[in-house]
Amino acid sequence: MSASDGLHEPKIYAPSEAAVRSAHVSGMPAYQALVDEANADHQAFWARLAREHLSWKTPFTKVLDDSEAPFFKWFEDGTLNVSYNCLDRNVEAGLGGKTAIIFEADDGTVTRATYSDLLSRTCRMANALRERGVSKGDRVVIYMPMSIEGVVAMQACARIGATHSVVFGGFSAQSLRDRVNDAGAVMLITADEQARGGKSLPLKAIVDEAIALGGCESLKNVIVYKRTGGQVAWDAKRDVWLHDALAGQSETCEPEWVSAEHPLFLLYTSGSTGKPKGVQHSSGGYLLHAALTTKWTFDLKPDDVFWCTADIGWVTGHTYITYGPLALGGTEVVFEGIPTYPDAGRFWKMIQDHKVTIFYTAPTAIRSLIKAAEGNAAVHPDRYDLSSLRLLGSVGEPINPAAWEWYHQHIGGGRCPIVDTFWQTETGGHMITPLPGATPLVPGSCTLPFPGIDAAVVDETGNEVPNGQGGILVVRKPWPSMIRNIYGDPERFKKSYYPPELKGYYLAGDGAIRDAKTGYFTITGRIDDVLNVSGHRMGTMEIESALVSHTDLVAEAAVVGRPDETTGEAICAFVVLKRPRPTGDEAKKIAKELRDWVGKEIGPIAKPKDIRFGDNLPKTRSGKIMRRLLRSIAKGEQITQDTSTLENPAILAQLSENN
Ligand code: WTA
């Protein structure tokens, strides 16, 4: 943690003079002026930016409607189209021939798409969707590999006012089915297979499996992009090849002009209870923040080559691949593969080859590439020419100072600022982050709120705690790109994000501490039962439900996280079987079976790293599982907590010995 403890002064990296001179937000006084402007008149601040950064079909007359708080509405009577803002207006501004996307396939093949290409491809796809009856407000699930087609599919939905719900290609048939079902999607866009790490992995076959599970009756068609040419099963009534659907489609398509509040997308994410929730985002407010944060945090300029390594299946890929950089007319890299194929120098080689200037990735990737570089000099970043870089970013989990320093030194050559961006699926874009030409950096701290974001650290009753004292992270004022609802479950929305005791503040679900001297924020991790594994959010309850759904084997299961050097957190499951507690090889065999089961139920990312078997779980006399004890056991800690309320204290020793 970087909050100063009075003994150790944190290391501070001031922005270089060159960075200050050239940045969109130039110097701390400029940052402060924006903060002051927002404080003086929050609505006028956002209204000015919305007018300056978005092209409106009909201008909005009202900025914020809080009459049904916490269901806030921004710019509601304004109309616009998100794909018009990302594509047409750049072409109209003379950028038609500019490269929008540099796509590098898993096997290294590079293809480029200009803004004109993207626009005509988006229009053709939009026309194909319309031809099949998809219209404004319909939900379309996208289960695609990283590809230009994936970005085009999202933009095409935006163009016709359909609400997309992208499902990460690593999710299982069951997870896909649940998302199609919850959203009542009418269309699914997928590919035959995805190419990752030299292998072809199925997508269409998983779609077929998901549909066979039942509950996807709302789906009328499945559009299939032929990526690898691998064998797929075919239902001639339902399935259509993308190239057939596109054949003969016009390259123009009148955009659907929608209210700024029209739902642009749903994105399912894990909460502390129940099934994943469909986080619903707006069109106008969301796009404003996507564009504005790309401009101010990433300082994107016309000549930059921006690369966000996230998948379009996560919010980072939505905001910083599909929407933000395109809204600004930028050039970006889209990568199909994985960082370790053909070797762990892939990222560095791609930065070198494409002369990437701004690079945005996750701490997990950095930590695993540090390990790889230490083990193999051939893939060490020092062997590559990374001199094109001018700015680095980090997202998804706290970045530990050691990884920060390595990233700064070996990737950034000691000259590139690192923006450690704190945000969430629900926030739409950056919330707390340095601005590269203004904010002095402290490794491990996401520094200060983005202008217009009223972040604070409070106690359980919503009162701000003094700096230097940890608490709960909240956002006190609504902001344009905030979550609008949990799809189909407004009650859960209120309960999850606006608990009554917090004075109407947005509850982020993370703990935070502000430095006593600088006021800088450091995120201390989730305060609920959500784990962060390799920057992916996983609900402990979700994994528990998956385990106990193996009804032949599992009687009871409890899942906790434990710190992991590479993945940040690792999933640790404590399982009681319906048969005597296994040991030795039998335990290994059953653990593997359960891991595969979870992989099938949710997806490989949810597979527990550790599985321990017990005759029982530590419970209070009223039967409540004591998770804090399990967390200690998972960490390998000596139990020092009070165990007097425990029904079965002997179980602790059994679970501890089971390493
Ligand atoms: C965590 C990803 C520390 C946090 C954009 C948050 C971070 C959750 C950071 C959201 C960061 C994200 N420092 N923690 N810079 N960025 N987190 O919804 O716990 O996948 O609540 O959005 O990731 O994860 P999500």
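Since the model is a prediction, treat every value here as computed from it, not as a measurement.

A. Main features of the pairing of strand 4 (residues 99–104). Summarising burial for strand 4: five of the six residues are buried, a large majority. Linking strand 4 to strand 5 (residues 110–114), which pair antiparallel, is a turn of five residues; within it G108 sits at a positive phi near 95°. One ladder, built from four bridges, connects strand 4 with strand 17 (residues 331–335); its direction is parallel. In the strand pairing of strand 17, I102 is matched with V333.

B. Main features of the site of the ligand. Near the ligand there are 17 residues, and of these D420, T421, T425, D510 and R537 occur at the shortest range. Contacts to the ligand include E397, whose backbone N or O atom sits 3.4 Å from a nitrogen atom. Contacts to the ligand include R537, whose side-chain N or O atom sits 2.8 Å from an oxygen atom. Protein burial of the ligand: of its 520 Å² of free accessible surface, 95% is covered by the chains. Listing elements by their share of the shell around the ligand, those giving two or more residues are helix 11 (315–327), strand 20 (418–421) and strand 25 (521–526).

C. Inspection of the pattern of salt bridges at higher detail. Counted according to the given criterion, the structure contains 36 salt bridges. In this structure, the salt-bridge partner of K609 is D564, at a minimum N-O distance of 2.9 Å. On the criterion of sequence distance, the pair formed by K609 in the loop between helix 17 (584–601) and strand 30 (610–613) and D564 in strand 28 (residues 554–564) is long-range, its members being 45 residues apart. Overall, D564 belongs to the buried group, its relative accessible area being 12%. One continuous salt-bridge network, built from bridges that share partners, spans K204, D208, R238 and D239.

D. Molecular detail of the confidence of the model for the protein. Mean pLDDT for the protein: 95, with 98% of residues reaching 70 or above. Mean pLDDT across the elements of the protein ranges from a minimum in helix 19 (residues 650–657), with 87, to a maximum in strand 3 (residues 79–80), with 99. Low pLDDT (under 50) marks residues 1–6, which in the prediction has 15 contacts with non-local residues, meaning those over four places away or in another chain. The complex model carries a pTM of 0.95, and its ipTM stands at 1.00.

E. Representation of the UniProt feature "domain: Acetyl-coenzyme A synthetase N-terminal" (unreviewed entry) in the protein in the model. Cross-referencing UniProt, the feature "domain: Acetyl-coenzyme A synthetase N-terminal" (unreviewed entry) maps to residues 31–86 in the present numbering. In residues 31–86, helix accounts for 48% and strand for 11%; the two terminal C-alpha atoms are 26 Å from one another.

F. Inspection of helix 4 (residues 82–95) at higher detail. Its axis deflected by about 35° at D88, helix 4 carries its strongest bend there. Every buried residue of helix 4 is listed here: V82, S83, Y84, N85, C86, L87, D88, R89 and N90. Contact partners of the buried residues in helix 4: helix 3 (42–53), strand 3, helix 5 (115–131), helix 6 (148–160), helix 10 (284–296) and helix 11. N-capping of helix 4 is provided by N81, with a side-chain oxygen placed 2.9 Å from the backbone N of S83.

G. The sheet that holds strand 21 (residues 455–458), seen in detail. In spatial order, the strands read 21-22-24-25; together these four strands make up an open sheet with antiparallel pairing. Each of the sheet's edge strands pairs with one partner strand only, and the pair in question is strand 21 and strand 25. Averaged over all neighbouring strand pairs, the angle between strand axes comes to 45°, with direction disregarded. One ladder, built from four bridges, connects strand 21 with strand 22 (residues 471–475); its direction is antiparallel. Directly across from V457, in strand 22, lies its bridge partner L473.

H. A look at the packing of aromatic side chains. This structure, assessed with the given rule, holds 34 aromatic pairs. Ring plane angle 90° and centroid distance 5.3 Å describe the contact between Y320 and W423, whose orientation is recorded as edge-to-face. Here Y320 is found in helix 11, whereas its partner W423 is found in the loop between strand 20 and strand 21, with 103 residues between them in sequence. Seen from their ring centres, Y497 and Y506 are 5.6 Å apart, and the 15° between their planes marks the pair as stacked. Connected via pairs of aromatic rings, a cluster forms that spans F71, F72, W479, F493, Y497, Y498 and Y506. If you follow R179 out to its NZ or CZ, it ends over the ring of F171, 4.4 Å from the centre. When the ring centre of W597 is taken as reference, the NZ or CZ atom of K600 above it lies at 5.0 Å.

I. How the structure looks around the nonpolar core. In this structure, F75, Y323, V575 and L594 are the most contacted members of the largest nonpolar core, which totals 165 residues. Ranked by residues supplied to this core, first place goes to helix 6 with nine residues. Not counting the four nearest positions on each side in its chain, Y323 is found in contact with V82, C86, M154, Q155, A158, H164, L264, Y286, L287, A290 and H318. The next biggest cluster of nonpolar side chains, apart from the first, holds 32 residues, and it includes A344, F347, V356 and W404.

J. Summary view of helix 14 (residues 401–411). When we look at burial in helix 14, the residues that qualify are A403, W404, W406, Y407, H408 and I411. A positive backbone phi angle near 55° is found at G413, which sits one or two residues after helix 14.

K. Structural detail: the pairing of strand 28. The element strand 28 is extensively covered by neighbouring structure, given that eight of its eleven residues are classed as buried. Here strand 28 hands over to strand 29 (residues 568–577) after three residues, the two strands then running antiparallel side by side.

Parameters at a glance
Residues numbered from 1 in each chain as written. Predicted model: local features only at pLDDT ≥ 70, side-chain atom pairs only at ≥ 80, totals over all residues. Heavy atoms only, no water. Buried < 20%, exposed > 50% of the residue type's maximum accessible area, 1.4 Å probe, protein only. Helix = DSSP H or I, 4+ residues; strand = E, 2+ residues; numbered from the N terminus. Pairing = 2+ DSSP bridges. Near = heavy atom within 4 Å. Polar contact = N/O pair within 3.5 Å; in protein donor to acceptor, adjacent residues only side chain to side chain. Areas by Shrake-Rupley, 256 points an atom, 1.4 Å probe, with all protein chains shown as cover. Salt bridge = Lys/Arg side-chain N within 4 Å of Asp/Glu carboxyl O. pLDDT = per-residue confidence, 0-100. Contact = heavy atoms within 4.5 Å. UniProt positions renumbered as here; feature names shortened; annotations may be inferred. Bend = angle between axes of the 7 residues up to and from the residue. Axes fitted to C-alpha atoms, helices over the stretch in contact; angles between N-to-C directions. Phe/Tyr/Trp six-rings, centres within 6.5 Å; stacked < 30°, edge-to-face > 60°. Lys NZ or Arg CZ within 6 Å of the ring centre and 35° of its normal. Core = buried A, V, L, I, M, F, W, Y, C linked by side-chain atoms within 4.5 Å.

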